[in-house]
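# Remarks on the overall topology
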Amino acid sequence: MTFTTRIRNVLAATLVALAAVVAPPAGVRAQGDAMFTQYWAVPTYYNPAATGTVDFIRIRGGAKLQWIGIDNAPRTFMGAADMPVKLGKKQRIGVGVLFNQESIGLYRNMGINAQLSYKFRFLKGVWSVGVQPGFYNTKFKGSDVYIPEGDDFHQPDDPELPTTDVSGNAFDISAGLLYTHKYFSVGVSVLHITEPQVTMDSGEGGNDAEGIEFQAVLPRQAYFTAEGNIPLRNSLFSLQPSLLLRTDFNTFTPEATMRATYNRFLSFGVGYRYKEAISAMVAVEFKNFFLGYAYDYPLSAINKASSGSHEIVAGYMVKLNFGEKNKNKHRSIRIM
């Protein structure tokens, strides 16, 4: 067995073990939110206050395949849509919906959220305060639990491991604040404020989980984002530096990105996630369509077993008309 194969097997076994260990009432802490490398392309994923920031119905979807080459590595899919709503003579409200689904090991997590933001002008910019109530579901495939021979930590008859598929639901709530200026924006948000605790039940009335509570906790996450837009004089190029800081109040992860955009059409850039990955990305925007791709190369020992992570974000925007003659009308997607 080669060194690379041994590393791959150890990492895969570690991921499965992390997903398989379901504790008593103290519970298990789920992975939390995915780290999209193109976080600047899916702003409402990290901050509900980012809804309704453009005069479009903005639709975005993304997929991240993490650590290619390692079995049971994280896979994340998300879809989001948001738009501004005009109240009276001024645009005041942003509304949106957000869906995300994640698999890691034997866990399958899903979130469905509604988003609402209120906007007002102050300090030469627009402030937005957003809230995000949601529904969170997690499933654990106990029927696929496999205990390798010689495992000193788990036994095949371990009563703290479910032997059937279990699932549970919880209410989730998040909130955020965003300030948008002509040349930059800054935001802060806290997702999963109440740290939802999910009690999982097979729903079959079996005896294998009798007397034991299988629980998972969605950890609270805080984010700080900052983005800029710097036009280069006498040029069709502009620069877009951005920053994402993430913490679960135990660990802290900063990520910095620098992109360049040519003629508002083609953009390309590089990014660095502290001690985790370096990334390269490219995106195109054409007639309200958006398509972006990012590749992450891991900087940790995971690069012995994985070739990296791939991510795609795609979207479309429908222009809204807030004119008095055509109030709240927009062109149909079917005839664009």
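This text follows the structure it describes.
Model, not experiment: these values are computed from the prediction. (Residues numbered from 1 in each chain as written. Predicted model: local features only at pLDDT ≥ 70, side-chain atom pairs only at ≥ 80, totals over all residues. Heavy atoms only, no water.)

## A look at the overall build of the chain
- Along its length, the chain carries two helices and 19 strands.
- By the burial criterion, 43% of the 336 residues in the chain qualify as buried.
- In the chain, 56% of the contacts between residues at least 6 apart in sequence involve partners at least 24 apart.
- Accessible surface, the chain as shown: approximately 17,800 Å² in total, 61% of it carbon and sulfur. (Helix = DSSP H or I, 4+ residues; strand = E, 2+ residues; numbered from the N terminus. Buried < 20%, exposed > 50% of the residue type's maximum accessible area, 1.4 Å probe, protein only. Contact = heavy atoms within 4.5 Å. Areas by Shrake-Rupley, 256 points an atom, 1.4 Å probe, with all protein chains shown as cover.)

## A look at the side chain of Lys119
- Looking at the secondary structure, you find Lys119 in strand β5 (residues 107-122).
- It turns out Lys119 is buried and unbridged, and the closest side chain with the opposite charge, Asp82, is 7.3 Å from it.
- Among the polar contacts made by the side chain of Lys119, one reaches the side chain of Ser117 at a distance of 3.2 Å.
- What Lys119 contacts, discounting residues up to four positions off in sequence, is Ala49, Thr51, Gly52, Thr53, Arg92, Gly94, Val126, Trp127 and Ser128. (Lys, Arg positive; Asp, Glu negative; His and termini not counted. Salt bridge = Lys/Arg side-chain N within 4 Å of Asp/Glu carboxyl O. Polar contact = N/O pair within 3.5 Å; in protein donor to acceptor, adjacent residues only side chain to side chain.)

## Overview of the environment of Ala63
- Within the secondary structure layout, Ala63 lies in strand β2 (residues 56-68).
- Judged by its relative accessible area of 22%, Ala63 is partly exposed.
- Expressed as a C-alpha distance, the spacing of Ala63 and Met78, which sit 15 residues apart in the sequence, is 6.5 Å.

## Focus on the pattern of salt bridges
- Summed over the entire model, instances satisfying the criterion amount to six salt bridges.
- A salt bridge links Glu311 to Lys64, with the nearest nitrogen and oxygen atoms 3.2 Å apart. Residue Glu311 is located in strand β18 (residues 308-321), and its partner Lys64 is located in strand β2; the two are separated by 247 residues in the primary sequence.
- With relative accessibility at 1%, the residue Glu311 sits in the buried group.
- Given a relative accessible area of 4%, Lys64 falls into the buried group.
- Through salt bridges with shared partners, a single ionic network connects Lys64, Glu255, Arg273, Asp296 and Glu311.

## Some points on the pairing of β18
- Pairing of β2 with β18 involves 11 bridges; the strand directions are antiparallel. By the bridge assignment, Ile57 is partnered in β18 with Val318.
- In the sheet, strand β17 (residues 289-298) pairs with β18 via eight bridges, with the strands oriented antiparallel. Residue pairing in the sheet places Gly292 in a bridge with Val313 of β18. (Pairing = 2+ DSSP bridges.)

## So, unusual backbone geometry
- Phi is positive for Arg264, close to 55°, though the residue is something other than glycine.
- Of note, Arg264 is situated in the loop between β14 (252-262) and β15 (266-273).
- Positioned with a positive phi, Lys287 is a non-glycine residue whose angle comes to about 50°.
- Along the chain, Lys287 turns up in the loop between β16 (277-286) and β17.
- In this structure Lys287 comes out as exposed when scored by relative accessible area, which is 64%.

## Structural notes on empty space enclosed by the protein
- Applying the stated criterion to the full structure yields three cavities of 30 Å³ or more.
- Of the voids in this model, the largest cavity is the one considered here, and its volume is about 230 Å³.
- Considering the residues around the largest cavity, the lining is formed by 20 residues, among which Asp33, Tyr45, Asn100, His192 and Leu218 are closest to the centre.
- When residues in the lining of the largest cavity are grouped by element, the largest group, four residues, is from β5.
- Estimated volume of the second largest cavity: approximately 50 Å³.
- In terms of lining, the second largest cavity is formed by Ala41, Val42, Pro43, Thr44, Arg58, Arg60, Met78, Ala80 and Asp82.
- For the lining of the second largest cavity, the leading source of residues is strand β3 (residues 75-87), giving three residues.
- Here the residues of the lining of the second largest cavity sort into five nonpolar, one polar and three charged. (1 Å grid on protein atoms, 1.4 Å probe; cavity = no way out; pocket = protein on both sides within 12 Å on 5 of 7 lines; lining within 4 Å. Points joined across faces, edges and corners; volume = space filled by probe spheres on them. Nonpolar A, V, L, I, M, F, W, Y, C, P; charged D, E, K, R; others polar.)

## Comments concerning the side chain of Lys64
- There is a polar contact of 3.3 Å between the side chain of Lys64 and the side chain of Thr37.
- Excluding residues that lie within four positions of it along the chain, Lys64 makes contacts with Met35, Phe36, Thr37, Pro74, Arg75, Thr76, Asp296, His310 and Glu311.

## Some thoughts on the packing of aromatic side chains
- Taken as a whole and assessed by the stated rule, the structure comprises 10 aromatic pairs.
- Note on Phe237 and Tyr262: the rings are 5.0 Å apart at their centroids and 50° apart in plane angle, and the pair reads as tilted. One end of the pair, Phe237, is in strand β13 (residues 237-247); the other, Tyr262, is in strand β14, and 25 residues separate them in sequence.
- Overall, Phe237 belongs to the partly exposed group, its relative accessible area being 33%.
- With relative accessibility at 34%, the residue Tyr262 sits in the partly exposed group.
- One aromatic cluster in this structure is built from Phe36, Tyr45, Tyr46 and Tyr223.
- Over the face of the ring belonging to Trp40 we find Arg259, whose NZ or CZ atom lies 3.6 Å from the ring centre.
- Over the ring of Phe56 we find Lys319; its NZ or CZ atom is 4.8 Å from the centre of that ring. (Phe/Tyr/Trp six-rings, centres within 6.5 Å; stacked < 30°, edge-to-face > 60°. Lys NZ or Arg CZ within 6 Å of the ring centre and 35° of its normal.)

Just distances and angles here, no functional claims.
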